2 protein chains.
Amino acid sequence: MDKKEEYLKLANQIYELDEKVYKASGSNLGKTFTGEKKRNVSDLMMLIASNPQGHLLRREIALIGNMARSIRNKEVRRDLMREYNEIVEQIADLPMALGSVDIVDKDLADMNSSILSKKFSEEDHLVICISRSHGSAGTDIGFALAEALHINYYDESVLNQILNRRDEKEFGTEASHISTFNRYHGLSKQDALFFRQSALICELAKKEDMIVMGRCADVVLAGQHIPHISIYITAPFGVRVRRMMELKNLDLKQAISLVRKMDHKHQDYYHSYTGRHWGDAINYDLCINSACYGIDESVELIGRLINRQTKSIRKKAEEKAEEKKETDN
Amino acid sequence: MDKKEEYLKLANQIYELDEKVYKASGSNLGKTFTGEKKRNVSDLMMLIASNPQGHLLRREIALIGNMARSIRNKEVRRDLMREYNEIVEQIADLPMALGSVDIVDKDLADMNSSILSKKFSEEDHLVICISRSHGSAGTDIGFALAEALHINYYDESVLNQILNRRDEKEFGTEASHISTFNRYHGLSKQDALFFRQSALICELAKKEDMIVMGRCADVVLAGQHIPHISIYITAPFGVRVRRMMELKNLDLKQAISLVRKMDHKHQDYYHSYTGRHWGDAINYDLCINSACYGIDESVELIGRLINRQTKSIRKKAEEKAEEKKETDN
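Here is what the cut-offs are and how they apply
- Residues numbered from 1 in each chain as written.
- Chains lettered and ligands numbered in written order.
- Predicted model: local features only at pLDDT ≥ 70, side-chain atom pairs only at ≥ 80, totals over all residues.
- Heavy atoms only, no water.
- Helix = DSSP H or I, 4+ residues; strand = E, 2+ residues; numbered from the N terminus.
- Buried < 20%, exposed > 50% of the residue type's maximum accessible area, 1.4 Å probe, protein only.
- Contact = heavy atoms within 4.5 Å.
- Areas by Shrake-Rupley, 256 points an atom, 1.4 Å probe, with all protein chains shown as cover.
- Pairing = 2+ DSSP bridges.
- Axes fitted to C-alpha atoms, helices over the stretch in contact; angles between N-to-C directions.
- Buried area = accessible area lost by both parts, 1.4 Å probe.
- Salt bridge = Lys/Arg side-chain N within 4 Å of Asp/Glu carboxyl O.
- Least-squares fit on C-alpha atoms with pLDDT ≥ 70 in both.
- Parallel < 35°, antiparallel > 145°, perpendicular 65-115°, else oblique.
- Left-handed = near helix turned anticlockwise from the far one by under 90°.
- Nonpolar A, V, L, I, M, F, W, Y, C, P; charged D, E, K, R; others polar.

Asks: Even after reading the chapter, I still don't get the overall build of chain A, so can you show me in this structure?
Replies: Of regular secondary structure, chain A possesses 13 helices and five strands. Among the 329 residues that make up chain A, the fraction classed as buried is 54%. For chain A, the proportion of contacts with a sequence separation of at least 24, taken over those separated by at least 6, is 67%. Summed over all atoms, the accessible surface of chain A reaches about 15,900 Å², with 50% contributed by carbon and sulfur.

Asks: Looking at this model, I keep getting lost on the sheet that holds strand E5 (residues 286-289) of chain A. Mind explaining?
Replies: Across a sheet, paired strands are connected by hydrogen bonds in the backbone, their directions being either parallel or antiparallel. What the ten strands build is an open sheet, ordered E2(A)-E3(A)-E1(A)-E4(A)-E5(A)-E5(B)-E4(B)-E1(B)-E3(B)-E2(B); its pairing is mixed. In the strand order of this sheet, the two ends are held by strand E2 (152-154) of chain A together with strand E2 (152-154) of chain B, each with one partner. Between one strand and the next, the sheet's axes are offset by a mean angle of 20 degrees, whatever the strand orientation. As judged from the four bridges shared by strand E1 (residues 127-132) of chain B and strand E3 (residues 210-213) of chain B, these two strands associate in the parallel manner. Looking at E3 of chain B, one finds that Cys 129 of chain B is bridged to Val 212 of chain B. Sitting on the sheet, helix H8 (residues 189-205) of chain B touches E1, E2 and E3 of chain B, and the angle it makes with E3 of chain B is about 165 degrees.

Asks: How should the environment of Arg 240 of chain A be read in this particular structure?
Replies: Within the secondary structure layout, Arg 240 of chain A lies in helix H10 (residues 237-248). Residue classification places Arg 240 of chain A among the buried residues on the basis of a relative accessible area of 3%. Taking the C-alpha atoms as reference, Arg 240 of chain A lies 8.7 Å from Ala 255 of chain A; in sequence the two are 15 residues apart. Leaving out residues up to four positions away in the same chain, Arg 240 of chain A has contacts with Ser 133, His 134, Gly 135, Ser 136, Thr 234, Ala 235, Val 259 and Asp 263 of chain A together with Ile 103 and Ile 282 of chain B.

Asks: Where do I start with the interface of chain A and chain B in this structure?
Replies: Where interface size is quoted, it is often the accessible area lost as the parts come together. Listed as interface residues are 93 residues of chain A and, on the opposing side, 93 residues of chain B. Interface area for chain A against chain B, summed over the two sides, is near 8,300 Å², with a carbon-plus-sulfur share of 57%. A per-residue breakdown of the area chain A buries against chain B is headed by Leu 29, Ile 103 and Arg 165 of chain A, which together make up 9% of the total. Put simply, chain A and chain B have six salt bridges between them.

Asks: Before we go on, may I ask you to explain the relation of the copies chain A and chain B in this structure?
Replies: The second copy of the chain is related to the first by a rotation about an axis and a shift along the axis. Between the two copies, chain A and chain B, the superposition gives an RMSD of 0.0 Å; the rotation angle is 180 degrees and the shift along the axis is 0.0 Å. The two molecules are tied by a two-fold rotation axis, judged by turn and shift. Among all C-alpha atoms of chain A, that of Cys 287 of chain A lies closest to the rotation axis, at 2.3 Å. Comparing interface residues between copies, 100% of those in chain A also lie at the interface in chain B; the contact surface is shared.

Asks: For this particular structure, what's the right way to read the packing of helix H6 (residues 138-149) of chain A against helix H12 (residues 290-305) of chain A?
Replies: A packed helix pair is summarised by two numbers, namely the angle formed by the two axes and the spacing between the axes. Residue and element names in this part refer to chain A. Following both chains from N to C, one finds H6 and H12 inclined at 20 degrees, their axes separated by 8 Å at the closest point. With respect to their mutual orientation, H6 and H12 come out roughly parallel. Judged by the sense of rotation from one axis to the other, the crossing of H6 with H12 is right-handed. Across the interface between the two elements, Asp 140, Ile 141, Ala 144, Leu 145 and Ala 148 of H6 pack against Ser 290, Gly 294, Ile 295, Ser 298, Val 299 and Ile 302 of H12. Residue composition of the contact of H6 with H12, by class: seven nonpolar, three polar and one charged.

Asks: I would appreciate a short explanation of the pattern of salt bridges in the present structure.
Replies: Oppositely charged side chains can pair when the atoms bearing their charge come close. The tally for this structure, following the rule as stated, stands at 30 salt bridges over all chains. Salt-bridge contacts for Arg 39 of chain B lead to Asp 43 of chain B; the nearest nitrogen and oxygen are separated by 3.7 Å. You can see Arg 39 of chain B and its partner Asp 43 of chain B sitting in helix H2 (residues 37-50), four residues apart, about one turn around the helix. For Arg 39 of chain B, a relative accessible area of 45% corresponds to the partly exposed category. Among the residues examined, Asp 43 of chain B registers a relative accessible area of 38% and is labelled partly exposed. The salt bridge involving Arg 196 of chain B is made with Asp 167 of chain B; its shortest N-O contact spans 3.0 Å. On the criterion of sequence distance, the pair formed by Arg 196 of chain B in helix H8 and Asp 167 of chain B in helix H7 (residues 156-183) is long-range, its members being 29 residues apart. Taken individually, Arg 196 of chain B and Asp 167 of chain B each receive the classification buried, so the pair is uniform in this respect. Where salt bridges share partners, they join Arg 58 of chain A together with Asp 140 and Arg 243 of chain B into one cluster.

Asks: I'm lost on the environment of Lys 9 of chain A in this one. Help?
Replies: Note on placement: Lys 9 of chain A falls in helix H1 (residues 3-25). Taking the C-alpha atoms as reference, Lys 9 of chain A lies 9.3 Å from Val 41 of chain A; in sequence the two are 32 residues apart.

Asks: Before we go on, may I ask you to explain unusual backbone geometry in this structure?
Replies: Residues and elements named next belong to chain A. Positive phi values are uncommon outside glycine, yet Asn 249 reaches one of about 55 degrees. For Asn 249, the position within the fold is in the loop between H10 and helix H11 (252-274). Classification of Asn 249 as exposed rests on a relative accessible area of 70%.

Here it is, written out as structure tokens:
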């Protein structure tokens, strides 16, 4: 069958399915294709041949599908949906069809260990980088996630503690500060620390599963081609302010000023080490609005994304208490 | 047991676990707590009593946990991890403990039907609002998701077609344009259309499961307190440009100008109807970087998010072909 015949056949199938679906659904909006059959089939054929990825063909298909799904009679619906699915599959097989030009960026995808269809080498670990805005409970979510997944947790404080202890081991308590300067002379203290933290993050990511909070870890790891998942957690400004008021016992003005100050600090830090705009959805594999989910549900959500069972410790404890209460009664 | 005794006991438990974990792991970084036991326990007690949500207590706990997970001997590790988990649970039970001040915003959470722990009424439907940047394959992902979930698909083109057909039914072919103006006199054509589309989206969301693309549908539905999930799909500028070159057969300059123009158009549209900045992670439940995942994996990812099995039609067809090939051989 040559292309032209094939397209004509497909166009006819679509036209005829529309008629059948219309009859079965009794849609009060009428058929998708009105007017003369010959003209409609010829228009459809043009769409199929010239522009199968375009919105016009998608619209006709979607309208028929939407109508077909509304058919009350179960058997009729099943039969017509089968026909519909066959048509969608045929369209998907066309050159340049709906979605045939994929968006995937090989470099990004190769580093993303949440992609289930990719096989990662045995040596790759589950490394989850979490950036978060102040007050978004991102830190709590990260810690709870590490507990739920039984993997290690590193934030600025933990990383620095490890670096300090290494220094102490190597140089003794007193010499630790001097050594930092000696080894990175010419760099500011902040820069020197950033580079040491970055090296430590890469070292850890090569040998264990872990969560790492902030520290531009996603960009650092991407630079070393170490697979990882990057997640950004934020929440609306007002919700974060409210949370900081409660958490730190601040008044509204203090909380606003704190959240604003920390946002600026994060922004500057991220921008100065990555050249990127902090918090742009574009920089992360995934962004989560924690105000929608709360801490426990965010943990479960991330767990589902990486296809692992996760239940936060707090939730487990609650359930245990609940069970105990039921047994006691 | 009064609070002080309880905190002292917990501080002792933490200190002793650190000793045991250090011995069992032989960490070359040494114990988390160095120096005199009495001072350490007293410091810990202060942290527990005054600031259990702070980063200092979290740091100590995380360091011990990370070390414990590295213990080679399986039984020893299991025993010490059990002790560790009990301590974390105890801390989680403290007033104002790690993550005890949740971030969840009731209004947002009540509308998010991807939250598994919430029970939605039988009358609530699965409504997924997808915003996307031009070239991010968001439309293809949305359409493939609708097919995979067997739910209806609406984009601008489909919505307008429905509105046009209603007009035709009511006023005949000729009168459709006039009627729009008559009914919304005083509004621009774009505004009139926006309000008609919004009303239609709300009407549909009340009676069926569906995907709706763009049209600020998330904001429109939130305004009417209709449960829905809002997802933003984007990809780095360069990746989107490359895709448009391939898809539309454009040269680099044309593709850059197209993507830039469409981004501005989207931005203006979203801002004028919502007052928000388009593409800010903060406005959505979830943002996906499609360049990491590609079309099929994005569909599966969203499926996992809402806890439904999804496989894109294209992938199913591929698998079918694969099976056939294996049978043929």
